[in-house]
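Residue-level structural notes
As a plain string of letters, each chain reads:
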Amino acid sequence: MALLDVRNLSIDINTAQGKIRVIDKANLNIVDGSIHSLVGESGSGKSLIAKAVLGLHNENWIVTADRMFLGNIDLMKLSSRERRKIMGKEIAIIFQNPRSYLDPSKKIVDQMREVLPKKLSAKHFLKKMTAKSTHQQAIKELLHKVGVQNDRDVGNSYPHELSEGICQKVMIAMAIANNPRLLIADEPTTSMEAVTQAQIFRLLFKLNQLHNTTILLLSNNFGSISNLSDYISLIYCGQTVESGSYKQIINSPMHPYTQTMIKTILEFDENIAHKSQLYTLPGSIPPANQLPIGCRLGPRCPKAQRTCVTNPEAVNYKGHIIRCHFPTLDEK
Amino acid sequence: MNTLLNVNNLSKNYRRSNGLFSSSVQSAYTDINFSLEAGKTLSIIGESGSGKSTLVQTIAGLRSQSSGEIYLHGTALSDFSLQHRCKSIRMLFHAPSDSLNPKATIGRILSAPLKLNSNLTAIERDQQIKETLSLVGLLPDYLAFYPNMLSSVQQHQVALARAMILDPDIIIADEILAGLDISLRFKLVNLLLTIQEKKGVSYIVVAHNMSLVRHISDHIIVMHNGVIVENDTTENVYSSPKSDKTKHLLQSHQPDYRK
């Protein structure tokens, strides 16, 4: 069953140079209880999609979608106030650079208390006295859940006193406080070192396995997240290029861009000569105001031909959705 | 083999005052010994706080060591003049957007090291700058640009040009790959490899991405708490890691969730 169903999501942004279509007809279908990865390089619009789903966009964005459903709630029809109620309870988000998203002037416990579910906070004077210990208990449990052992020390610290990894764990604890149905992780491990990165990913994987939390994982590193995700969507310059299950993407990638991304996982059993040149696409990612028409990969694509100046339609091969005029199809 | 750089019993201690009269000594790294051959790449890996950055900054000359000595071509670095030293060892910093002067054009940024460290005339300088720019794959048009007009990879290319312009023996790269996207990382790695092939320069690389480290380096040093726990060729480190720390680092690199 689809938890989040987004169809033909487009985002236009009004700029000084006119309207720019930054997201072009993105589709997203997230199955309940799975980890869905959205992979794309920086500037490809991953965060924009996440923010549009959450309703965090500002005035000059024009968000249009044929369909945007969370379970059976139509997100497009809600007022921003109703949207706000869904935020945090149904959909929670964790950001990159956790330290900059935590309040630097407050201790961790005080910040966490703010996000605890409403039923825990009592209005009655007498209940307030008992509420404090319930809160502390709840915060302790949350911190233990995300693998922070010394909850008292961490709780009494300010964000700048903690390491980036611990801060991200606190962010995750705050995000899962209300048991959201969907957890969006927006590049949760950028600028972290390998060991901490693995810890955070293992934590997210465990949350998915044990508590059945659905996770939308955004990342720019195909290699580090492909292994833990059930479904993968690739996005290039605001166009979703390929989308399918882990097996479909890894075993039979059809889009040239996906094939490039898979080559970024350096497997040393396949003989890559030591110190040889690594495979990359020619050119670089175009800036948002100079996007090519048609398929945006066009100028860099090894398979590009004349028809690529028109935008390819999405084709669905048994759930493996692809947008390319010249996909690599299995001979079978 | 001819040894280019030889580091001998290098240690660094910081004195920290705790109170008015008492102070304690904290060591960043102790008893570091390694050597580097010409045209080879040495990678230093380890968790944060293990003293990697302080060590490479000492080799580059940004910090002084407490004891021990670094030898370049068999001569102690403390005997070198500052000019001579920065001609032979150059450093690339983590974020080029911070290390390039935002108020100077690329042309000015690149001519500064030549003006300070060489006796070239203006025409020769110009020639040298253009050669170096083409070496890192940039057009001469960029000379009039300011760093903020360039993309992150181009900024890295300019930083690399600034390092290469004096024809150094060693380039130290301190986590230059961490902030880039994976495909841009590949591009920069390709560039580093091409330059090494053309110019025979040696690299000392501090990095986190284990598979890239494996690809580019000939020799690996694993550091933990300021001590070298493993020092071997890349092949040996990856095929048969000896210390637990190395195993831990290798395991956490690409864990398998499916099995």
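Described in the following lines is the structure provided in the data block. Model, not experiment: these values are computed from the prediction. (Residues numbered from 1 in each chain as written. Chains lettered and ligands numbered in written order. Predicted model: local features only at pLDDT ≥ 70, side-chain atom pairs only at ≥ 80, totals over all residues.)

1. Overview of the overall build of chain A
- Assigned secondary structure in chain A consists of 11 helices and 13 strands.
- For chain A, the C-alpha radius of gyration of 21 Å lies close to 20 Å, the compact-globule estimate for 332 residues.
- Principal-axis analysis of the C-alpha atoms places the extent of chain A at approximately 75 × 50 × 40 Å.
- Put simply, chain A has 332 residues, and 40% of those count as buried.
- Sequence separation of at least 24 residues holds for 66% of the intrachain contacts in chain A that already meet a minimum separation of 6. (Helix = DSSP H or I, 4+ residues; strand = E, 2+ residues; numbered from the N terminus. Rg over C-alpha atoms; globule rule 2.2 N^0.38 Å. Buried ≥ 20, exposed ≤ 12 C-beta atoms within 10 Å, placed from the backbone. Contact = placed C-beta atoms within 7 Å.)

2. Examining the environment of Ile182 of chain B
- Within the secondary structure, Ile182 of chain B sits in helix 7 (residues 182-199).
- Taking the C-beta count within 10 Å as the criterion, Ile182 of chain B has 23 such neighbours and is therefore assigned buried.
- For Ile182 of chain B, the residues in contact, after removing those within four places along its chain, are Asn220, Asn221, Phe222 and Thr264 of chain A.

3. Points about the pairing of strand 9 (residues 219-224) of chain B
All names here are of chain B.
- Counting buried positions over the six residues of strand 9 gives six, a clear majority of the element.
- With burial as the criterion, each face of strand 9 is covered, one bearing His219, Ile221 and Met223 and the other bearing Ile220, Val222 and His224.
- In this sheet, strand 9 lies alongside strand 3 (residues 41-45) in parallel orientation, the contact comprising four bridges. Looking across to strand 9, one finds that Ser43 is bridged to Ile220.
- Where strand 9 meets strand 10 (residues 227-233), six bridges bridge the pair, whose relative direction is antiparallel. (Pairing = 2+ DSSP bridges.)

4. So, helix 8 (residues 194-211) of chain A
Residue and element names in this part refer to chain A.
- Compared with an ideal rise of 1.5 Å per residue, which puts 18 residues at 26 Å, helix 8 spans 25 Å between its outermost C-alpha atoms and is within 8% of the ideal.
- Turning to helix 8, its buried residues are Ala194, Thr196, Gln197, Ala198, Gln199, Ile200, Phe201, Leu204, Leu207 and Asn208.
- Asn212 occupies a position one or two residues after helix 8 and carries a positive phi of about 60 degrees. (Expected span 1.5 Å × (residues − 1).)

5. Digging into the nonpolar core
- Ile172 and Ile204 of chain B are the most contacted members of the largest nonpolar core, which has 142 residues in total.
- Top contributing element to this core by residue count: helix 7 (residues 164-175) of chain A, with eight residues.
- When neighbours within four sequence positions are excluded, Ile172 of chain B is seen to be in contact with Val56, Ile59, Ala60, Ile89, Met91, Leu92 and Ile204 of chain B. (Core = buried A, V, L, I, M, F, W, Y, C linked by C-beta atoms within 7 Å.)

6. Some thoughts on the packing of helix 4 (residues 106-117) of chain B against helix 5 (residues 122-135) of chain B
Residues and elements named next belong to chain B.
- At their nearest, the axes of helix 4 and helix 5 sit 10 Å apart, and the two run at 115 degrees to each other. Seen along the crossing, helix 4 lies across helix 5 with a hand that is right-handed. Across the interface between the two elements, Gly107, Leu110, Ser111 and Leu114 of helix 4 pack against Arg125, Gln128, Ile129 and Thr132 of helix 5.
- Residue classes in the contact of helix 4 with helix 5 are distributed as three nonpolar, four polar and one charged. (Axes fitted to C-alpha atoms, helices over the stretch in contact; angles between N-to-C directions. Left-handed = near helix turned anticlockwise from the far one by under 90°. Nonpolar A, V, L, I, M, F, W, Y, C, P; charged D, E, K, R; others polar.)

7. Focus on the sheet that holds strand 1 (residues 3-17) of chain B
Residue and element names in this part refer to chain B.
- Spatial strand order, 2-1-4-5: four strands in an open sheet with antiparallel pairing. Two strands bound the open sheet, and with one partner strand each, they are strand 2 (23-37) and strand 5 (75-76).
- Direction of pairing for strand 4 (residues 67-72) relative to strand 5: antiparallel, over a ladder of two bridges. Looking at the pairing, Leu72 lines up with Thr75 of strand 5.
- Sheet strands touched by helix 1 (residues 52-60): strand 1, strand 2 and strand 4. Its angle to strand 2, the strand with the most contacts, is close to 65 degrees.

8. Description of the sheet that holds strand 8 (residues 182-186) of chain A
All names here are of chain A.
- Strands sit in the order 7-8-9-3-10-11-13-12 across an open sheet of eight strands; the sheet is mixed. Strands with a single pairing partner mark the edges of an open sheet, and in this sheet they are strand 7 (91-94) and strand 12 (315-317). The average angle at which neighbouring strand axes cross in this sheet is 15 degrees, direction not considered.
- Both strand 12 and strand 13 (residues 320-322) contribute to a ladder of three bridges, which runs antiparallel. Note on strand 13: the bridge partner recorded for Tyr317 is His320.

9. Focus: helix 1 (residues 46-54) of chain A
- Summarising burial for helix 1 of chain A: seven of the nine residues are buried, a large majority.
- Looking one or two residues past helix 1 of chain A, Gly55 of chain A carries a phi angle of roughly 85 degrees, positive in sign.

10. What to know about the interface of chain B and chain A
- In this assembly, 28 residues from chain B lie in contact with 25 residues from chain A.
- Looking at which element gives the most residues to the side of chain B that touches chain A, the answer is helix 7 of chain B, with seven residues.
- When the residues that make up the side of chain B that touches chain A are grouped by side-chain class, the tally is 11 nonpolar, 11 polar and six charged.

11. Topic: unusual backbone geometry
Residues and elements named next belong to chain B.
- Unlike most non-glycine residues, Asn9 shows phi in positive territory, near 45 degrees.
- Positionally, Asn9 belongs in strand 1.
- Backbone geometry at Asp31 places phi at a positive 50 degrees, although glycine is not the residue there.
- Structurally, Asp31 is set in strand 2.
- Residue class for Asp31 comes out partly exposed when judged on the 14 C-beta atoms lying within 10 Å of it.

12. Section: the pairing of strand 1 of chain B
All names here are of chain B.
- By the bridge criterion, 11 bridges tie strand 1 to strand 2 in an arrangement that is antiparallel. The residue of strand 2 that forms the bridge with Leu5 is Leu36.
- Once strand 1 ends, the chain turns through five residues before running back antiparallel as strand 2, passing Gly19 with a positive phi of about 105 degrees.
- Two strands pair when backbone bridges link them, and strand 1 and strand 4 are joined in this way by five bridges, in the antiparallel orientation.

13. Things to note about the packing of helix 7 of chain A against helix 8 of chain A
Residue and element names in this part refer to chain A.
- Axis separation between helix 7 and helix 8 bottoms out at 10 Å; the angle between their running directions is 15 degrees. Taken as axis vectors, helix 7 and helix 8 run roughly parallel relative to one another. Every pair of crossing elements has a handedness; the one defined by helix 7 and helix 8 is right-handed. On the side of helix 7, the interface is formed by Glu164, Gly165, Gln168, Lys169 and Ile172, while helix 8 contributes Thr196, Gln199, Ile200 and Leu203.
- Each residue belonging to the contact of helix 7 with helix 8 can be placed in one class, and the counts come to three nonpolar, four polar and two charged. (Parallel < 35°, antiparallel > 145°, perpendicular 65-115°, else oblique.)

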